[in-house]
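Remarks on the overall topology
Listed below, chain by chain, are the residues.
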Amino acid sequence: MSYHGPEDYHVSSQPLPIESPDGEKRRGCEFSHSIAASTRETSVPTNIRWPRRHNCWHSHFPSDSDKGRVFLGEKQASPVLSGVCDVSTLRQRRPPLLSKSRFTAGLQCHKRLYLACFHNSLADPVTKQQQVLFDSGTEVGVLAQGLFPDGKLISEDYTNHSGAMASTQEALRASTPSPLYEAAFAHDGVRIRVDLLVPVERTRFDIMEVKSTSKVKEEHLYDVGIQWYVLRGSGIQIRHACVCHLNTTYVYQGGAYDLSRLFRIVDVTGECEALLSEVPSLLAGMRHALDSLEPPDVSPGRHCIRPYLCEFYGHCHAGQSEHPTTQLPRAGESLLSSLKEAGIEDIRDIPRSFPGLNALQRRVRDCVADNRFYLAPSLADQLRQLSRPVHFLDLEAFNPALPLYKGTRPYQVIPFQWSVHSLQEDGSLHHQEFLYEGDSTPQEPFAESLLAALGDSGPVLVYSSYEAARIRELAEALPALSDRLRALLGGRMVDMLELVRAHCYHPEFHGSFSIKSVVPALIPHLGYDDLAIADGTLASMAYAEMLRPETAQERKQEIRENLLAYCARDTLAVVELFRFFIS
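Residues numbered from 1 in each chain as written. Predicted model: local features only at pLDDT ≥ 70, side-chain atom pairs only at ≥ 80, totals over all residues. Heavy atoms only, no water.

**Concerning the pattern of salt bridges**
The line we're drawing: Definition used for salt bridges: Asp or Glu carboxyl oxygen within 4 Å of a side-chain nitrogen of Lys or Arg. Note on classification: 1.4 Å probe, protein chains only; a residue is buried when its accessible area is under 20% of the maximum for its type, exposed when over 50%, partly exposed between these limits. Per the convention used, a helix needs a DSSP run of H or I reaching at least four residues, while a strand needs a run of E reaching at least two, with both numbered from the N terminus.
Within the structure shown, the criterion is met by 22 salt bridges. The shortest N-O distance in the salt bridge between Asp370 and Arg372 comes to 3.6 Å. Given the relative accessible area of 35%, Asp370 is considered partly exposed. Classification of Arg372 as partly exposed rests on a relative accessible area of 36%. Here Arg555 ties to Glu545 by a salt bridge, and the two come within 2.9 Å at their closest N and O atoms. Here the residue Arg555 occupies a position in helix α21 (residues 553-582), and Glu545 occupies one in helix α20 (residues 536-547), the gap between them amounting to ten residues. The network of salt bridges with shared partners includes Arg352, Arg365, Asp366, Asp370 and Arg372.

Structure below.
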């Protein structure tokens, strides 16, 4: 059997920083896959008990008074929500089985877990953006299996866990165990599938959780920790617990990916081992929440989007006011907590003398409370002083998890499209556009065509710092064009977003200064609802689809037209904002 275990890895002498949600840098051990490594350094991971910021992450055992209560079945609707309550039937129900995903949902919020178990129909529809992320994660997971070839895939899907467990046990009984992909286990009412279960000895294994991220995050440790808990309860001995993620320093050379460089394997054994003692209490707290006829009473907050966007966000926020305090721009946890403690949930109810508001937040409060539009006269003066022609620029880029072009890295941001509207001295408006459709890296043709369109004179108006960041990256990647690209950044670029934030507010912005919020409020006739592609994320997804060889030619042409229409609308929107302000 051609197998290379972790004893064949070369342990980096530089531990990899791991970032926790509170921003602290933690240290882990990084393994770099090196079949030919002849030496083995060792580094013992430290046991780290990371702080958890959200109260929902702290769980407790049920009290004695709660013993003997019953759980609802996995498919049974809550009697309180459905209006039916038959206690004798409830006593016959089994508690819902948990999984890795349900466990992580419970860590984030017990209400999320409850709704996932009993009222999944209340979940928000999966968006196109979310589905692309899911598909990308699946693709990365399949690729990672190639790190340990000659393995066995446990092919039963997630609806047939018992069959998958039987196949797993059969594979484990083999005289020479091989790596297992998607191995299935269950213990203490928790079912899991292990991305990679790699044999080290006859009865010892390494577990690897594959992530399509660029680094190890704190929530990944709990993903691994619950798997270790179930495996240990199933009699499986674990040597190393690892997270396998994409390596953003890997430069793709074309052809097949070099998996040993595409991935980084990080040993998180020490960190996860420290979590094992917490798992029984965490599970007990989740089951206590599930042992109820009603969902837990958890108010919406930052935990609704951290570390993941909750699928029940729409349901839990349905009853919110039109202007909740969470719409205050850049409101921190301290301010929001102070408002909540004061019983204030709506911006209109904030007293003018309430402490802790900065100047922008007070402006938002005044505009919303008085239902008025604020526009500083100085904004028109600044814009009128700009020389002609005035160029309005928008560019689109994508950052595929798996590099598509030779010489690029995972998650490298690659611009592929621009639109420029130029307002001339006589008031006429000229439009130019570019969309790359070649097979090689787009940077050089993109930059050359953009420089030609913008010329050597005239301010360049953009909306956000995104365009400047991309041009700066192009200047670093293209030495021959560097001086001309940097000249754009040396005084020609004007960020309309910063001007709007400093000089303007409308209640219909709802706390956001995004162009998708500002334009409909100030220029109602110029929106994005009529476009098939209506935001940058959808544009990058559509472009990736257009590049795929299997995409039909008719579909590619449709995407091309939609991309051009969207990018042109973005620059036209900034033109109309400019005209609105100076008038």
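**Structural notes on helix α12 (residues 333-341)**
Within an α-helix, residues lying three or four positions from one another point in the same direction, as the helix has 3.6 residues per turn. Heads up, the condition is: Think of the arc as the fan of directions from the helix axis to the C-beta atoms. Here, two residues are considered to be in contact whenever any of their heavy atoms come within 4.5 Å of each other.
Those residues of α12 that fall on the buried side of the exposure criterion are Leu335, Leu336 and Leu339. Along α12, the residues classed as buried sweep out an arc of 95 degrees about the axis, all on the same side. Every exposed residue of α12 that faces more than 90 degrees away from the buried side is listed here: Ser334, Lys340 and Glu341. Buried residues along α12 sit in contact with α13 (359-370). Of the residues flanking the end of α12, it is Gly343, one or two places downstream, whose phi is positive at about 75 degrees.

**What about the environment of Val390?**
Residue placement: Val390 occurs in strand β12 (residues 390-398). For Val390, the contacting residues outside a window of four places in its chain are His421, Ser422, Leu423, Pro459 and Leu461.

**A look at empty space enclosed by the protein**
The condition is simple: Only protein atoms enter the calculation, which uses a 1 Å grid: trapped sets of points that fit a 1.4 Å probe without letting it out are cavities, open sets showing protein on both sides within 12 Å along at least five of seven lines are pockets, and any residue with an atom within 4 Å of a point is a lining residue. Grid points are joined across faces, edges and corners, and a volume is the space filled by probe spheres set on the points.
Using the criterion set out here, one finds three cavities of 30 Å³ or more in the structure. Approximately 80 Å³ is the volume found for the largest cavity. Lining the largest cavity we find 13 residues, and of these Cys109, His303, Cys304, Cys310 and Cys316 sit closest to its centre. Only α4 (110-118) and α11 (313-316) provide two or more residues apiece to the lining of the largest cavity. Here the element with the most residues in the lining of the largest cavity is α4; it accounts for three residues.

**Quick look at the packing of aromatic side chains**
Let me state the cut-off plainly: Pairing of aromatic rings covers Phe, Tyr and the six-membered ring of Trp, with a centre-to-centre limit of 6.5 Å; geometry is then stacked below 30 degrees between planes, edge-to-face above 60, and tilted otherwise.
Going through the model one piece at a time under the given rule, you end up with 15 aromatic pairs. Here the aromatic rings of Tyr114 and Phe118 are separated by 4.8 Å at their centres, their planes lie at 75 degrees, and the arrangement is edge-to-face. Taken as a pair, Tyr114 and Phe118 lie in helix α4 at a separation of four residues, close to a single helical turn. Taken individually, Tyr114 and Phe118 each receive the classification buried, so the pair is uniform in this respect. Feature note: the residues Phe398, Tyr405, Phe416 and Tyr543 constitute an aromatic cluster, connected by ring pairs.

**Comments concerning the environment of His431**
Note the following rule: Counted as a polar contact is a pair of N or O atoms within 3.5 Å, where, for protein atoms, one must be capable of donating a hydrogen and the other of accepting one, and residues adjacent in sequence contribute only when both atoms are in side chains.
Tracing the sequence through the fold places His431 in strand β14 (residues 429-435). Taking C-alpha positions, His431 is 8.2 Å from Ala568, a pair spaced 137 residues apart along the chain. Ignoring any residue separated from it by four or fewer positions in sequence, one finds His431 in contact with Ser419, Val420, His421 and Ala568. In terms of polar contacts, His431 uses its side chain to reach the side chain of Ser419, at 2.8 Å.

**Topic: the packing of helix α7 (residues 218-233) against helix α10 (residues 279-290)**
As a reminder of what qualifies: Only the contacting stretch of a helix is used when fitting its axis, a line to C-alpha atoms as for every element, and angles between N-to-C directions run 0 to 180 degrees. Just so you know how the angles are binned, under 35 degrees is roughly parallel, over 145 roughly antiparallel, 65 to 115 roughly perpendicular, and the rest oblique.
Between α7 and α10, the shortest axis-to-axis distance is 11 Å and the interhelical angle comes to 95 degrees. On the basis of their axis angle, the class for α7 and α10 is roughly perpendicular. In contact with Tyr222, Gly225, Ile226 and Tyr229 of α7, α10 contributes Val279, Pro280, Leu282 and Leu283.

**Observations concerning α4**
Counting buried residues along α4, nine of its nine residues qualify, which places the element largely inside the surrounding structure. Where α4 is buried, its residues meet β4 (98-99), α3 (100-108), α10 and α11.

**Thoughts on the side chain of Arg470**
Its location among the elements puts Arg470 in helix α16 (residues 466-477). A relative accessible area of 8% means that Arg470 is categorised as buried.

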